[in-house]
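# Descriptive structure summary
Letter by letter, the chains look like this.
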Amino acid sequence: MFVHEMPATRVVFAPGARHQLSGELAALGLSRVVLIGGAPPLGAVVEEIVEALGETVGARIQDVVEHVPVERAGQAARITRAVRADGLVSVGGGSATGLAKIVALRTGLPLVAVPTTYAGSEMTDIWGTTERGVKSTGRDPRVRPSTVVYDPELTVGVPPALTAASGLNALAHCVEAVYDTQASPIIHLLAVRGAHALASALPRAVSMGDDLTARGETLFGAWLAGTALGVARMGAHHRLCHILGGAFGMPHAETHAAVLPHVVAFNEPAATAALEAVATAMGASHDPAGAIWDLCRRLGTPPDLRSLGLSRGQALEVASRLAAHPGPNPRPVTEDDAREIVLAAFDGGRPELRKRIG
Ligand code: NAD
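## Notes on the overall build of the protein
Tallying secondary structure elements over the protein gives 13 helices and 8 strands in all. Here the protein has a C-alpha radius of gyration of 19 Å; the compact-globule value for 358 residues is 21 Å, and the two agree. On the principal axes, the C-alpha backbone points of the protein span a range of 60 × 40 × 40 Å. For the protein, the residues scored as buried account for 59% of the 358 residues in total. Taking all contacts inside the protein whose residues are at least 6 apart in sequence as the whole, residues at least 24 apart take part in 78%.

Laid out in structure tokens, this is it:
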């Protein structure tokens, strides 16, 4: 049994699609927007967008940081109200989209997103803020962008390390969507196709950043990944990354890359068929955790949480927090399990192929 409901977001996807932004705003009847994001290194691109939009831009908020601290969210909402904006435009990675989503939540204004990384937030109704070291997330239809403008040309300048990590963040969306037992077959298809696009195009996007075909295929994978996450539920993997990001300031995409193979190794016995579909999509016949770990090594993402600055004591604290709220994971997560997962990600190393349980 499944229930399928796919909320509508208009998607414009093409090299050069940013030039259609003004028409997209007009189609929504927007005449005074707040533009969120676009700090260097996106400066030149955003200046071009601002010039094209002219007087439609009522204010700009460039200063965005990861995990949306509540104070920044409040300040951005105040600016938006002060200029009597009728809409929001975000240009940037998940942090710019994330701040714009919170402003959308607080003001009720429509959001048009122009993503420049592979985070996928633009396709979800998930918002997140951080207050005193705790990251809270929630779902609300008001934060889902009305329109998303995907322009692979905007991703050509993403440095190799961020390209790799952000692509792995997208792959994590595919993984958690594919084994969500309540997700419909359509979500399964999106997640598997997304994993295929990401695994096949990311190595080229990393090694030849100006290969527009590889950039386009990777962004396509990120779109599918975000679409799948936008409907599916998040399990222990995303939960763990949110704890690491909110409480310990760990960098979002890199943390996903370091953690993913180890959560997949843990979940594989309970979600064998779903994860085998991911492995096959990635060009491996079995062992999804090993296939993801190998891709991470090929792309050069941080190999473990230790190298990202986490201490062993912090890892144990993270494990307790994970065990307390592991999310709707395909396999129950006990205290011992949580410790095993987190310490595996802390130490790194290729995950062992596990035996099926039950
Ligand atoms: P980010 O937005 O913080 O960007 C990382 C860095 O890359 C920044 O310095 C940014 O200026 C730079 N950058 C962005 N685009 C660039 C480009 N085209 N060229 C060169 N540099 C560029 O990182 P992210 O990984 O995209 O997003 C992480 C945030 O997104 C986290 O807060 C995470 O929680 C959130 N997120 C939310 C969802 C959701 O559904 N709500 C999904 C995924 C991620």
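## Topic: the pairing of strand 7 (residues 134-139)
Pairing analysis gives 6 bridges linking strand 6 (residues 126-131) to strand 7, with the strands arranged antiparallel. Bridged to Gly-128 within strand 7 is Thr-137. The antiparallel hairpin formed by strand 6 and strand 7 contains 2 residues in its connecting segment, where Arg-132 sits at a positive phi of about 45 degrees.

## A few points about the site of the ligand
Residues in close proximity to the ligand total 24 residues, the closest being Ser-95, Thr-116, Thr-117, Thr-124 and Lys-135. His-67 places a main-chain nitrogen or oxygen 3.1 Å from an oxygen atom of the ligand. Between the ligand and Gly-94 there is a distance of 2.8 Å, counted from an oxygen atom to a backbone nitrogen or oxygen. Its free accessible area being 860 Å², the ligand has 82% of it covered by the protein chains. Broken down by secondary-structure element, the contributors of at least two residues to the shell around the ligand are helix 4 (94-107), helix 5 (160-178) and helix 9 (252-267). Its residues assigned to classes, the shell around the ligand shows 9 nonpolar, 12 polar and 3 charged.

## Some points on the packing of aromatic side chains
Within this structure, the stated rule accounts for 3 aromatic pairs. Their ring planes at 35 degrees and their centres at 5.4 Å tell us that Phe-13 and Tyr-150 sit as a pair that is tilted. In this pair, Phe-13 is assigned in strand 1 (residues 10-13) and Tyr-150 in strand 8 (residues 147-150), connecting sequence segments 137 residues apart. Classification of Phe-13 by relative accessible area gives partly exposed; the value is 30%.

## Thoughts on the layout of surface pockets
There is about 970 Å³ of room inside the largest pocket. At 5 residues, the largest contribution of residues to the lining of the largest pocket is made by helix 4. Grouping the constituent residues of the lining of the largest pocket by class yields 20 nonpolar, 23 polar and 5 charged.

## A short note on a nonpolar patch on the surface
A surface patch of nonpolar side chains, amounting to about 210 Å² of accessible area, comprises Met-6, Ile-186 and Val-231. Of the residues examined, Met-6 reaches a relative accessible area of 34% and is grouped as partly exposed.

## Focus: the nonpolar core
Ranked by size, the top nonpolar core spans 73 residues in total, and within it Leu-168, Leu-171, Leu-240, Ile-292 and Leu-305 carry the most contacts. With residues near it in sequence (within four places) discarded, Leu-171 still touches Ala-195, Leu-198, Leu-260, Met-282, Ile-292 and Leu-295. Core analysis: the next-biggest nonpolar cluster, separate from the first, contains 19 residues, Val-12, Leu-42, Val-46 and Leu-154 among them.

## Considering helix 2 (residues 43-53)
Listed as buried for helix 2 are Gly-43, Val-46, Ile-49, Val-50 and Leu-53. Viewed end-on, helix 2 has its buried residues packed into an arc of 125 degrees, placing them on one side of the element. Exposed positions of helix 2 whose direction lies more than 90 degrees from the buried face are Ala-44, Glu-51 and Ala-52. Residues of helix 2 that are buried make contact with helix 1 (21-27), strand 2 (33-37), strand 3 (57-61) and strand 4 (87-92).

## A short note on the pattern of salt bridges
Any two side chains of opposite charge can pair, given that their charged atoms come close. This model, assessed by the stated rule, comprises 18 salt bridges. Measuring nitrogen to oxygen at the nearest pair gives 2.9 Å for the salt bridge that ties Glu-153 to Arg-18. A residue pair is termed long-range when its members are at least 10 positions apart, and Glu-153 in the loop between strand 8 and helix 5 and Arg-18 in the loop between strand 1 and helix 1 qualify at 135 residues. With a closest N to O distance of 2.9 Å, Arg-60 and Glu-47 form a salt bridge. Linking Arg-60 in strand 3 with Glu-47 in helix 2, this pair joins segments that are 13 residues apart in sequence. Linked through salt bridges whose partners overlap, the residues forming this network are Arg-18, Glu-48, Asp-151 and Glu-153.

## What to know about the pairing of strand 4
Burial of strand 4 is extensive: 6 of the 6 residues sit out of reach of the surface. Side chains Gly-87, Val-89 and Val-91 project from strand 4 onto one buried face, and the interleaved Leu-88, Ser-90 and Gly-92 project onto a second face that is buried too. Sheet topology note: the strand 2/strand 4 ladder contains 5 bridges and is parallel. Residue Val-33 lies in a different strand from strand 4, and its bridge partner there is Gly-87. Sheet topology note: the strand 4/strand 5 (residues 111-115) ladder contains 5 bridges and is parallel. Pairing of Val-91 across the sheet is with Val-114, part of strand 5. Crossover connection from strand 4 via helix 4 to parallel strand 5: handedness right-handed.

## Focus on the environment of Trp-293
As for its placement among the helices and strands, Trp-293 is situated in helix 11 (residues 288-299). Between the C-alpha atoms of Trp-293 and Leu-189, which are 104 residues apart in sequence, the distance is 22 Å. For Trp-293, the contacting residues outside a window of four places in its chain are Pro-261, His-262, Gly-349, Arg-350 and Pro-351. A polar contact of 3.0 Å, which involves the side chain of Trp-293, links it to the backbone oxygen of Gly-349.

Cut-off values and rules
Residues numbered from 1 in each chain as written. Predicted model: local features only at pLDDT ≥ 70, side-chain atom pairs only at ≥ 80, totals over all residues. Heavy atoms only, no water. Helix = DSSP H or I, 4+ residues; strand = E, 2+ residues; numbered from the N terminus. Rg over C-alpha atoms; globule rule 2.2 N^0.38 Å. Buried < 20%, exposed > 50% of the residue type's maximum accessible area, 1.4 Å probe, protein only. Contact = heavy atoms within 4.5 Å. Pairing = 2+ DSSP bridges. Near = heavy atom within 4 Å. Polar contact = N/O pair within 3.5 Å; in protein donor to acceptor, adjacent residues only side chain to side chain. Areas by Shrake-Rupley, 256 points an atom, 1.4 Å probe, with all protein chains shown as cover. Nonpolar A, V, L, I, M, F, W, Y, C, P; charged D, E, K, R; others polar. Phe/Tyr/Trp six-rings, centres within 6.5 Å; stacked < 30°, edge-to-face > 60°. 1 Å grid on protein atoms, 1.4 Å probe; cavity = no way out; pocket = protein on both sides within 12 Å on 5 of 7 lines; lining within 4 Å. Points joined across faces, edges and corners; volume = space filled by probe spheres on them. Patch = residues over 30% accessible without salt bridge, like charges linked within 9 Å, V, L, I, M, F, W, Y side chains within 5 Å. Salt bridge = Lys/Arg side-chain N within 4 Å of Asp/Glu carboxyl O. Core = buried A, V, L, I, M, F, W, Y, C linked by side-chain atoms within 4.5 Å. Arc of directions from axis to C-beta. Right-handed = clockwise from strand over helix to strand, strands pointing away.

By themselves, these observations are geometric and do not establish any function.
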